[in-house]
Amino acid sequence: MDLSEIESAPAHEFIICEGRTPQQVAAIADNVREELLDKARIKPYNYDGYRNASWIVIDYGSTLVHVFVPEQRTLYNLEELWSDSTIAEIPDLD
């Protein structure tokens, strides 16, 4: 989601994805952190949500990565909350 034109947005971009289970959510979040560190030498400022792993957010400053289980993604519905943003959907690799 491109939120750069929204003055009150907490970041310029949201990346939103989901895993089927808390274990998948944690694995996805771990992989995002590891890949960005290994390939681009980018470390997050902070991250939270590993305790329950139903919603993990990783803060890269201007970009926030959100990894949800489906129920939490539906509950918080960030796409609707920030519906003024431009949304680009990337299909699953399956």
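Residues numbered from 1 in each chain as written. Predicted model: local features only at pLDDT ≥ 70, side-chain atom pairs only at ≥ 80, totals over all residues. Heavy atoms only, no water.

J.: Can you lay out the pairing of strand β4 (residues 63-68) for me, pointing to particular residues and giving the numbers?
T.: Among the six residues of β4, six are classified as buried, and the element is accordingly described as predominantly covered. Alternating positions in β4 separate into two faces, T63, V65 and V67 on one and L64, H66 and F68 on the other, with burial throughout. In the sheet, strand β1 (residues 13-18) pairs with β4 via six bridges, with the strands oriented parallel. In the sheet register, E13 faces β4, and the bridge partner there is T63. Here strand β3 (residues 55-59) pairs with β4 via five bridges, running antiparallel. Bridge assignment links D59 to a residue of β4, and that residue is L64. Hairpin connection of β3 to β4: three residues between the antiparallel strands, including G61 at a positive phi of 80 degrees. (Buried < 20%, exposed > 50% of the residue type's maximum accessible area, 1.4 Å probe, protein only. Helix = DSSP H or I, 4+ residues; strand = E, 2+ residues; numbered from the N terminus. Pairing = 2+ DSSP bridges.)

J.: Break down the packing of aromatic side chains for me, with residues and values.
T.: For the structure shown, the criterion picks out four aromatic pairs. Aromatic pair F14 and W82: ring centres 6.2 Å apart, planes at 85 degrees, arrangement edge-to-face. On the criterion of sequence distance, the pair formed by F14 in strand β1 and W82 in the segment after α3 (78-81) is long-range, its members being 68 residues apart. In terms of burial, F14 and W82 fall into one category: buried. Aromatic side chains Y47 and Y50 sit 5.7 Å apart centroid to centroid with 80 degrees between the ring planes, which places their arrangement in the edge-to-face category. (Phe/Tyr/Trp six-rings, centres within 6.5 Å; stacked < 30°, edge-to-face > 60°.)

J.: I'd like a rundown of the layout of surface pockets, residues and numbers included.
T.: Estimates place the volume of the largest pocket at around 1,000 Å³. Lining the largest pocket are 24 residues, and of these I16, C17, E18, I90 and D92 lie nearest its centre. Those elements giving two or more residues to the lining of the largest pocket turn out to be β1, α1 (22-40) and α2 (70-76). If one sorts the elements of the lining of the largest pocket by residue count, β1 sits on top with six residues. Considered class by class, the residues forming the lining of the largest pocket number twelve nonpolar, three polar and nine charged. (1 Å grid on protein atoms, 1.4 Å probe; cavity = no way out; pocket = protein on both sides within 12 Å on 5 of 7 lines; lining within 4 Å. Points joined across faces, edges and corners; volume = space filled by probe spheres on them. Nonpolar A, V, L, I, M, F, W, Y, C, P; charged D, E, K, R; others polar.)

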